[in-house]
Amino acid sequence: MTVKILEAGESAAPVAAPTPSETIIRAAPARKVAEITLPSGRVFGVRRLGPLDRMLASKAIGSEFVTNAIYANYAMIACSVTSIDRFPVSMPSSQAQIEALVYRIGEDWDDLTEEMGKAFKPAEAEDFDPDAIKN
């Protein structure tokens, strides 16, 4: 498995010219995107969801499922997927679209979520050595 962290505005593969809204989104600061290649050979583009993304995902999930932790967790991860095998994937805007995307990910779900956790894990602080700062 390989994971490549992409910088804001950087593309994993050449794609068509971005739309004006894609240009704005790509220019947003701190937009962390990763390209994950799984043992199956499939390549997933994923991103860390921001506050607005989480709001929109919650709206797509719907009020009856947003409190269902299992469904909401699957939905949030699915909403993080930006491409499958380097073909762009739009963020789902309905329950049917969320479920269709989970279906497309299929058997790669566990590997994908594990690698996403590693890619988006906060940087760990180095071990603190109090002797190193003594005068």
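Residues numbered from 1 in each chain as written. Predicted model: local features only at pLDDT ≥ 70, side-chain atom pairs only at ≥ 80, totals over all residues. Heavy atoms only, no water.

### Looking at the environment of Tyr-74
Tracing the chain through its elements places Tyr-74 in helix H3 (residues 69-80). Considering only alpha carbons, one finds Tyr-74 and Glu-99, 25 residues apart in sequence, at a separation of 9.0 Å. When neighbours within four sequence positions are excluded, Tyr-74 is seen to be in contact with Val-102 and Trp-109. (Helix = DSSP H or I, 4+ residues; strand = E, 2+ residues; numbered from the N terminus. Contact = heavy atoms within 4.5 Å.)

### Here's the deal with helix H5 (residues 109-119)
By the burial criterion, the buried members of H5 are Trp-109, Leu-112, Glu-115, Met-116 and Ala-119. The buried side chains of H5 occupy one side of the element, clustering within an arc of 135° when seen end-on. Opposite the buried face of H5, at more than 90 degrees from it, the exposed residues are Asp-110 and Lys-118. The inward-facing, buried residues of H5 abut strand S1 (2-6), strand S2 (33-37), strand S3 (43-47), H3, strand S4 (81-84) and helix H4 (95-105). (Buried < 20%, exposed > 50% of the residue type's maximum accessible area, 1.4 Å probe, protein only. Arc of directions from axis to C-beta.)

### What to know about the pattern of salt bridges
Following the criterion strictly, the structure yields five salt bridges and no others. Among the ionic pairs, Arg-86 bridges to Glu-35, the shortest N-O distance being 3.0 Å. In this pair, Arg-86 sits in the loop between S4 and strand S5 (87-88) while Glu-35 sits in strand S2, placing the two residues 51 residues apart along the sequence. By relative accessible area, which is 40% here, Arg-86 ends up partly exposed. The buried category is assigned to Glu-35, whose relative accessible area is 10%. (Salt bridge = Lys/Arg side-chain N within 4 Å of Asp/Glu carboxyl O.)

### What to know about the nonpolar core
When a protein is soluble and globular, its nonpolar side chains tend to lie buried together. Formed by 17 residues in total, the largest nonpolar core has its most connected members in Phe-44, Val-46, Val-81 and Leu-112. Elements with a minimum of two residues in this core: S2, S3, H3, S4, H4 and H5. Of all the elements, H5 adds the most residues to this core, at four residues. Beyond its immediate sequence surroundings of up to four residues, Val-46 is in contact with Lys-32, Val-33, Ala-34, Ile-36, Ser-80, Val-81, Thr-82, Leu-112, Met-116 and Phe-120. (Core = buried A, V, L, I, M, F, W, Y, C linked by side-chain atoms within 4.5 Å.)

### Focus on the pairing of S2
Remark: a regular strand shows side chains that alternate across the two faces of the sheet. With four of five residues buried, S2 lies mostly within the body of the structure. Here five bridges tie S1 to S2, and the two strands are oriented antiparallel to one another. Pairing of Val-3 across the sheet is with Ile-36, part of S2. Sheet topology note: the S2/S3 ladder contains five bridges and is antiparallel. The residue bridging Ile-36 from the neighbouring strand is Phe-44, located in S3. Counted along the chain from S2 to the antiparallel partner S3, the turn is five residues long, and its residue Gly-41 has a positive phi close to 95°. (Pairing = 2+ DSSP bridges.)

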